[in-house]
Amino acid sequence: IEIVEQNKLTELTVWDLGDGIESIIRLSSQMMKLRYGVIDSTMKYAEFISKWLNELSKHVSIKFQMVKDSNHTQMRILGCPKGAFPEENMNKVMLAFIKERTKTNPNIRIIENPTGYAYANICGYNMLAIHGEVKNLGVAVNEFSRTYDTKINYMIAGHFHHAKSEEMGVDCEAINVRSIIGIDSYGLS
């Protein structure tokens, strides 16, 4: 709110890059470590984001997008490997909850991109946000640009628990944003 007021901002683009909850992706030890189950975590996270957006929207207009898929929100039904049920992802539930909790707020616009990614042209720069579970973000920028026949100036990705950026050329960069929880024990291993 201080930044919005200090810079006299009238609109913010807010992207959720996934992994809002710690689902059960490694059954061996995770279940006992979770404070809340998958369903309760999903509802609590979506309620938190909804309240946060509604409060922030008292100060600025918001365009909100959520990536469709992320590894920690993916349902791995009956022990199947990742990607076995790509449509079974708790992000869909979170987004439905957020839409319901913000539907009467004229200062919040929920944007659902049919690709499952987040995209916007901001100040003349094409920006694409993905969860970020790709081998090489630099290669991914070029592949997305060719696939959608649109130059991607900035690709923003989550997934990793550390910050990183890689410049691919003039006005072209891949940026990993760090997790708010910091590095995790799995990443350290």
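The model shown is predicted, which means the values in this text are computed figures rather than measured ones.

A. Summary view of unusual backbone geometry. In this model, C123 sits at a positive phi of 55°, which is unusual for a non-glycine residue. For C123, the location among the structural elements is in the loop between β4 (118-122) and β5 (125-130). The exposure class of C123 is exposed, given its relative accessible area of 74%. In this model, D171 sits at a positive phi of 55°, which is unusual for a non-glycine residue. Within the fold, D171 resides in the loop between β7 (164-169) and β8 (172-176).

B. The arrangement of the confidence of the model for the chain in detail. Averaged over every residue, the pLDDT of the chain is 86; residues scoring 70 or more account for 87%. When pLDDT is averaged over each element of the chain, strand β3 (residues 108-110) comes out on top at 98 and helix α2 (residues 27-33) at the bottom at 52.

C. How the structure looks around the pairing of β8. Along β8, four of the five residues are buried, which leaves the element largely enclosed by surrounding structure. As defined by bridge partners, strand β6 (residues 154-157) adjoins β8 across four bridges and the pair is classed as parallel. Within the sheet, the bridge partner assigned to A157 lies in β8 and is N176. Relative to β8, β7 runs antiparallel, the two being bridged by five bridges. Looking across to β8, one finds that E167 is bridged to E173.

Conventions adopted
Residues numbered from 1 in each chain as written. Predicted model: local features only at pLDDT ≥ 70, side-chain atom pairs only at ≥ 80, totals over all residues. Heavy atoms only, no water. Helix = DSSP H or I, 4+ residues; strand = E, 2+ residues; numbered from the N terminus. Buried < 20%, exposed > 50% of the residue type's maximum accessible area, 1.4 Å probe, protein only. pLDDT = per-residue confidence, 0-100. Pairing = 2+ DSSP bridges.

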